[in-house]
Every structure is written in C-alpha cells, then in structure tokens.
Amino acid sequence: MSARDLLPLILALAVLAALPFLGLSGSVLNFLVTTLIIALAGVGWNVLGGFGGQYSFGHAAFFGTGAYATAILQMKLGWNAWGALGAGIGIGALAGLAIGYLSFRAGLRGSYFALVTLAFAEVFRILANSADFTGGAAGLLLPLRPGLATLQFADRRAFYLLVLAFVGVALLASRWLERSRFGAHLIAVRENEEAARALGVDALSVKLRAIALSAAITAAAGGLYVQYFLYLDAGVAYGTWISVEALLAPIVGGIGTAFGPLVGALALQGLGEVTKHLAGGVPGVDLVVFGACLIAVIAFAPQGLLGLRRRRKARAERAVPVGA
Amino acid sequence: MYAPQILIEAALNGLMTGAVYALIALGLTLVYGVLHIINFAHGALLTVAMFAVWGAFALFHLDPYWAMLGIVPLMFGLGYGLQRFVIGPASHGSDNNVLLVTLGLSIVLENALLALFRSDTRALDSDAALQVVELGPLLLSTPRLIGFAASLAVTGLLWLVLNRTDTGRAIRAVAREKLGARLVGIEVDHVYAVTFGLGCACLAVAACLLMPTYYVNPRSGAAFVLVAFTIVVLGGMGSIAGALVGGLIIGVVESFSGLLLGDSLGQIGIFLIFILVLLVRPTGLFGARA
C-alpha cells in the first residue's frame, strides 16, 4: 500500500478522533459510539458482501457470537476483558468458517445464501434465548467495574477512541483487500465464479477466508457493543436489526469500497436521529426512512453515496473535449 | 408418554395450521417460479393483510370471511403495483437487487405499521374463535377447520387458473421462457405484476383465515415468513404441489416439536429442517431447478 492509499484513511480517522474533544454532550457521544460500532459491523459485512458478492442477511450470527463470547468469558470464567474480546473475535471467525463451510460446500449463493444465513442467525437467537449459560430470556448484565483491565471507562471518550481504533484497523484491512492478491481473487469470484475457477482461483478457499475475516470484524463490533452497554439479550445480540444495519451501511455508503460502510453508517444514523427528532418519538419512523433509502440507493445510485461523487468526477472528465 | 388422543389432536391441528402455511408459501413459490426472485417482503405484506382484516372488523364489524371479498382484490392491486412500479424498475433486472429491494420494502411496511399501530397486539373481538366441532372423542376448532378446507380449495383454484386459463398459460410461458414469451406477444412486465398480485392475493386469503384464531402486531408476518421459506425450499422452489405438501409437513412438525419442546424452542425444528434441506437438497422434494 502506498502513502496515497493511506492518506484519506489517516485524514478521516484524525477528524473522527478530534470529534469528542469538541465538548459534545453524553448523548451525542453515545450516538457516535453506536454509529461507529454499526460502521464496524458494516465493514465486516462489506468484506464478504461487497468484495465477495455473497450477500448475508444474517450477520447478527457473528455480531451476537462475538458479544456473547466476550461477556460470558468474563462473567463465568473470570477472564480479563481484553482476552475475552480477543477470544470473542476468534470464536466469531470460527462461527463464520463453520457457516461458510456448510453453505459454500453445498454451493449456495445469491438468495439461497441470504436465506441460510438468516436461518442460522434465527437458530442462534432461539438457542441463546433458552440456554442457561446465556442468561436465557433475562439476558446478561456485565458488572460495572471501571478500569483498563475490565475495558470500562468512566470517560465515554476513551471508549469512543477504542472503537475508533478498531474501525481504523478494519478499514486498513479493507484497504489492503482493495490492493492485495487475495482481494483480487475475491473480486474475481464475485464477478464470475466459474471464470475465476478456470483461471486457477480456489473459489471455496477464497470465500472461506473472506467469511472468516468478515465474521471476525463483525464479532469485534458485537464484543465492543456489550463492553459499552454492559447488557446483552438474544434479541439484541442475534436480532434482525444488526443484520440489517450491517448491510445497509455499506450498500448506502458504497458497496465494495473501503470507506463505504463508514460513510453509510454516519449518513444513515445521522438521518435516523433527525427523523426520530422530527417525528417526536413515534417508533419505527427512522427505519421507514432506512428502508426507503435502501430502495432509493438501489434504484438510483447502485454505487452508493461514494459512487455519486465518483460518477460526477467521471462525467466531468468525460466532458473535457478530446483535443484539449 | 402422551395419550394417543393428544397425539392425534396434535397431528390434526398441525395439518390444519399447515394448510394455511401452505397458502402463504404458495404465494412465495408462485412468485419464485415465474420471476425467479425471492420476495423478502412476503411476511410484511401478510402483516398488512392481517391488519386490513382487523381494521375491517374493528371499524365496520365485517366478518373476516366476508371481508375476503374486499381484501383479496385490494391486496392483488397492491402486489401488482409494487412489482410494476417499485420492485421491477428499481432492481434493474439483477437478482441480488431484487433481494435488497424487497428487504427494503419489508422494512418500510413493517415499521410504517409500527409507527401507525405501535407494537400492541390485536385480535378480533369475537367469540367465533371458541367454536368447536366434535368428531368422536376429538374437539376441533371450527375456524381452523374452515381455514383448512378453504386453503385446499384456494390451492385447487390457483392450479385451475394456471392450467386452464389464458392468463395462466401466459404465466407458465413466462416462467418457462421469458424471451420466447415476449416474442409471441406476451407482455412480460404485466405477467410479472399479475403473478406478484396473485401471490399477494394468496396472502389476503390466508390473513382472513388466520385472523379468527390468531392475533396481529407489526412483527406477526416475520414469524410466518421463515416458515414459508422453509416450506418453499422443502417443497421445491416454484412447485405448487410442493408448497402444499411442504406446508402440511411443516405444520405437523411444528405441532409436534411444540408439544415436545415447548413453544419457544419448538420453532427450532423448523429452522433446522430449513438449513438441512438447503444444505443437502436445495432443489427440495418436488423441485427440478436450483
């Protein structure tokens, strides 16, 4: 990766890192942390869905697995929070590998893959809702113990910066994906699996590595979520909300681009807040707007918000007369 | 162990529920068979129809069975319009886009209902739900028996429409060979929209049959939609006979796993069948196409 590849990334992270020091209120910081967590889940979805073309409707399976593992390892086994978060990410990746191995081996793609991932997330939700070690329907409540080893901070800004660091690493991974040989293989599989295979790409292995990376990033989002809110139940961890948010962010921002999920999450969550404010607390209106955005983006801007900018640039370049 | 009477009743109840499931799955499989798309908004559209039945009863005291006469054409029109003016144009002919557009539609519909009606659960305020028919030692709920018979009748009717009418022939022609159908003068976009409309009409019938014994809230449809997907996958995508048989099987499985495992864990049986069928035999019992 050249310096030119990294410059926009560094700039964006610097601006976001400066945000909490502008004297923002606690609720604005809460909003920003949630948005970054959703962006992180979206970066994860984008690895598999954007670069790999495998649309998952059940990324909650990984988000929830990361969150439950992070919480349970601390509460039941007394692990250090950092270790638990790391293990949560690893277990999330394993869940990704397992689901990926079963579905890709069976040759599922397109709508079949979307359906099977959705079903896995639902099975996980029902199991977590009735098992004992997940706290069942009552959920898990992480004890409040601020400290570096417990990954809980009295100052919200510290946690914000931690989440931002995770987003930074995940964006770096996406940037690498855009430039690396593995990324090229993944995109080749997305564009035409048969052709990629004919050229010697091991499609199954490429897709498996992609789903493991994708699941790991989304599991990190789940782990950070439970670490911030200190509460988890099956509906939050494995609910459809996060599956939907994780795919909305990259699609609205710009599918298959490194920055798409971050731009999409910021735009959508911001829009959601504004709508909620305007509607005066009527439930669901923000999601109505999200759904409408999804349809509108697919109808009018298939490359998302980032694509709009690129399209305008391309048009401007085309407008220059050939002889000039 | 359970007394045989309980087991027989569970099986019969499963069959009766399964017939209505089959009707819901029928709409999904019909759309898949012709448009080759998975309609993710199917559950949300069912919720819309169920709210319509509830509204007709609450406002005009209209019996759900009579309400069918109005709600079925309305849902047909809604489905026709959605496919013709939203899903078709927005998806630019890509299957992945259809998936996302219908997902977007389901989010919009479900949450619009949530904004309008909040998350309260509503049921028809009538005692028709409690009527039973005595069949020897067995007691069977009358509205569910009606639901069973009507679902079978509608499945038969749909089969007749597809096999004996010009519209049906056009639908089957488009399903088989889109380009060829266009060449002989069939308006493909119109046939797509009619098919989608028929799928929604099936939902309307199902809603009228369900409401006397069921309740509705903005998330009701979501509970049915994965069941419907399971049935469609089990029966074979696009197969009408498959939807019927699959619906009956799933109804019985749900009834028994509910009896053995309790209501919340009982749902798992359905999802496991779903995942298993997708992984082992994605063409289903009756399907030829994957």
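Residues numbered from 1 in each chain as written. Chains lettered and ligands numbered in written order. Predicted model: local features only at pLDDT ≥ 70, side-chain atom pairs only at ≥ 80, totals over all residues. Heavy atoms only, no water.

Peer 1: Can you help me understand the overall build of chain A in this one?
Peer 2: Broken down by element type, chain A carries 14 helices and 2 strands. Here chain A has a C-alpha radius of gyration of 20 Å; the compact-globule value for 324 residues is 20 Å, and the two agree. Considered along the principal axes of its C-alpha atoms, chain A spans approximately 70 × 50 × 40 Å. Relative to its full complement of 324 residues, chain A shows a buried share of 54%. Taking as baseline every contact in chain A between residues at least 6 positions apart, the subset at least 24 positions apart corresponds to 77%. Accessible area of chain A: about 13400 Å², with a carbon and sulfur share of 66%. Of note, chain A has its 23 positive side-chain charges centred 7 Å away from the centre of its 14 negative side-chain charges. (Helix = DSSP H or I, 4+ residues; strand = E, 2+ residues; numbered from the N terminus. Rg over C-alpha atoms; globule rule 2.2 N^0.38 Å. Buried < 20%, exposed > 50% of the residue type's maximum accessible area, 1.4 Å probe, protein only. Contact = heavy atoms within 4.5 Å. Areas by Shrake-Rupley, 256 points an atom, 1.4 Å probe, with all protein chains shown as cover. Lys, Arg positive; Asp, Glu negative; His and termini not counted. Charge placed at Lys NZ, Arg CZ, Asp CG, Glu CD.)

Peer 1: What am I meant to see in the overall build of chain B here?
Peer 2: Looking only at helices and strands, chain B features 11 helices and 4 strands. Over its C-alpha atoms chain B spans a radius of gyration of 19 Å, differing by no more than 12% from the 19 Å that the globule rule assigns to 290 residues. A principal-axis box enclosing the C-alpha atoms of chain B has dimensions of 60 × 45 × 35 Å. Counting every position in chain B, which comprises 290 residues, the buried fraction comes to 56%. Within chain B, residue pairs in contact and separated by at least 24 positions form 78% of the contacts whose partners lie at least 6 positions apart. Approximately 12300 Å² of chain B is accessible, and the part contributed by carbon and sulfur atoms is 66%. For chain B, the centre of its 13 positive side-chain charges and the centre of its 14 negative side-chain charges are spaced 13 Å apart.

Peer 1: Could you clarify how one ought to interpret the side chain of Thr70 of chain A in this entry?
Peer 2: Residues and elements named next belong to chain A. Relative to the elements of secondary structure, Thr70 occurs in helix H3 (residues 60–75). Classification of Thr70 by relative accessible area gives buried; the value is 0%. A polar side-chain atom of Thr70 sits 2.6 Å from the main-chain carbonyl oxygen of Gly66. Dropping the residues within four chain positions of it, Thr70 is found in contact with Ala84, Leu85, Gly88, Gly223, Val226 and Gln227. (Polar contact = N/O pair within 3.5 Å; in protein donor to acceptor, adjacent residues only side chain to side chain.)

Peer 1: What's the story with a nonpolar patch on the surface in this structure? I'm lost.
Peer 2: Residue and element names in this part refer to chain B. A surface patch of nonpolar side chains, about 650 Å² in accessible area, is lined by Leu59, Phe60, Leu62, Trp66 and Leu69. As for its placement among the helices and strands, Trp66 is situated in helix H3 (residues 64–91). Taking relative accessible area as the criterion, Trp66 reaches 59% and is therefore assigned exposed. (Patch = residues over 30% accessible without salt bridge, like charges linked within 9 Å, V, L, I, M, F, W, Y side chains within 5 Å. Salt bridge = Lys/Arg side-chain N within 4 Å of Asp/Glu carboxyl O.)

Peer 1: Would you take a moment to explain the interface of chain B and chain A for this structure?
Peer 2: Contacts between the two partners involve 37 residues from chain B and, on the opposite side, 37 residues from chain A. Applying the counting rule to chain B against chain A returns 0 salt bridges. Summed over the shared surface of chain B and chain A, the number is 3 residue pairs in polar contact (both at pLDDT 80 or more). When residues of the side of chain B that touches chain A are traced back to their parent elements, those giving at least two are H3, helix H4 (95–117), helix H9 (220–235) and helix H11 (263–280) of chain B. A per-element tally of the side of chain B that touches chain A places H4 of chain B first, with 14 residues. Residue classes in the side of chain B that touches chain A are distributed as 28 nonpolar, 7 polar and 2 charged. (Nonpolar A, V, L, I, M, F, W, Y, C, P; charged D, E, K, R; others polar.)

Peer 1: Any chance you could explain the pairing of strand S2 (residues 132–135) of chain B here in plain terms?
Peer 2: Put simply, side chains in a regular strand alternate between the two faces of the sheet. All names here are of chain B. By the bridge criterion, 4 bridges tie S2 to strand S3 (residues 138–141) in an arrangement that is antiparallel. Directly across from Val132, in S3, lies its bridge partner Ser141. Here S2 folds back onto S3 in antiparallel fashion, the turn holding 2 residues, of which Gly136 has a positive phi close to 60°. (Pairing = 2+ DSSP bridges.)

Peer 1: Explanation requested: the pattern of salt bridges in the structure shown.
Peer 2: Any two side chains of opposite charge can pair, given that their charged atoms come close. Residue and element names in this part refer to chain A. A full pass over the atoms with the stated rule returns 12 salt bridges over all chains. A salt bridge links Arg175 to Glu178; the shortest N-O distance between them is 2.7 Å. You can see Arg175 and its partner Glu178 sitting in helix H6 (residues 156–179), 3 residues apart, about one turn around the helix. One connected set of salt bridges, linked through shared partners, spans Arg109, Glu193, Glu194, Arg197 and Lys207.

Peer 1: Just checking my understanding: could you explain unusual backbone geometry for this structure?
Peer 2: Here Leu151 of chain A, not a glycine, exhibits a phi torsion of approximately 55°, which is positive. Mapped onto the elements of the fold, Leu151 of chain A is located in the loop between strand S1 (140–141) and H6. Located in the positive-phi region is His36 of chain B, a residue other than glycine, with phi close to 60°. Turning to its location among the elements, His36 of chain B is positioned in the loop between helix H1 (4–35) and helix H2 (42–60).

Peer 1: Where do I start with helix H2 (residues 26–51) of chain A in this structure?
Peer 2: Residues separated by three or four positions in an α-helix point in the same direction, a consequence of the helix having 3.6 residues per turn. All names here are of chain A. Taking 1.5 Å of rise per residue, the 26 residues of H2 would be expected to cover 38 Å, and the 36 Å separating its terminal C-alpha atoms lies within 8% of that figure. Along H2, the largest kink reaches about 40° and is centred on Trp45. With 20 of its 26 residues buried, H2 lies for the most part within the structure. Just past H2, the residue Gly53 takes up positive phi, approximately 70°. (Expected span 1.5 Å × (residues − 1). Bend = angle between axes of the 7 residues up to and from the residue.)

Peer 1: Would you mind going over the UniProt feature "transmembrane region" (unreviewed entry) in chain A with me for this structure?
Peer 2: Residues and elements named next belong to chain A. The UniProt entry lists residues 27–48, 55–75, 81–104, 158–177, 210–232, 244–267 and 287–308 under the feature "transmembrane region" (unreviewed entry), expressed in the numbering used here. Annotation note: span residues 81–104, helix share 100%, strand share 0%, distance between end C-alpha atoms 34 Å. Within residues 158–177, the helical portion is 100% and the strand portion 0%, while the C-alpha atoms at the span's ends are 29 Å from each other. (UniProt positions renumbered as here; feature names shortened; annotations may be inferred.)

Peer 1: Is there a simple way to explain the side chain of Asp233 of chain A in this structure?
Peer 2: Residues and elements named next belong to chain A. Along the chain, Asp233 falls in the loop between strand S2 (231–232) and helix H10 (234–237). One buried charged side chain, Asp233, makes no salt bridge at all; its nearest oppositely charged neighbour is Arg125, positioned 8.7 Å away. Among the polar contacts made by the side chain of Asp233, one reaches the side chain of Tyr231 at a distance of 3.2 Å. Here the side chain of Asp233 touches Gly235 through a polar contact of 3.1 Å, landing on its backbone nitrogen.

Peer 1: Before we go on, may I ask you to explain the confidence of the model for chain B in this structure?
Peer 2: On average, chain B scores 88 in pLDDT, and the residues at 70 or more come to 97%. Here the prediction assigns the complex a pTM of 0.90, and the interface score ipTM is 0.88. (pLDDT = per-residue confidence, 0-100.)

Peer 1: Hey, could you run me through the packing of H3 of chain A against helix H9 (residues 203–229) of chain A in this one?
Peer 2: Any two packed helices are characterised by how steeply their axes cross, that is the angle between the axes, and by the distance between the axes. All names here are of chain A. Two elements in contact, H3 and H9, have axes whose closest approach is 6 Å; the angle formed by their N-to-C orientations is 50°. Here H9 runs oblique to H3, going by the angle between their axes. Note on packing geometry: the crossing formed by H3 with H9 is right-handed. Within the contact between the two elements, H3 uses Phe62, Phe63, Gly66, Ala67, Thr70, Ala71 and Gln74 and H9 uses Ile211, Ala215, Thr218, Ala219, Ala221, Gly222, Gly223, Tyr225, Val226 and Gln227. For the contact of H3 with H9, the per-class residue count stands at 10 nonpolar, 7 polar and no charged. (Axes fitted to C-alpha atoms, helices over the stretch in contact; angles between N-to-C directions. Parallel < 35°, antiparallel > 145°, perpendicular 65-115°, else oblique. Left-handed = near helix turned anticlockwise from the far one by under 90°.)

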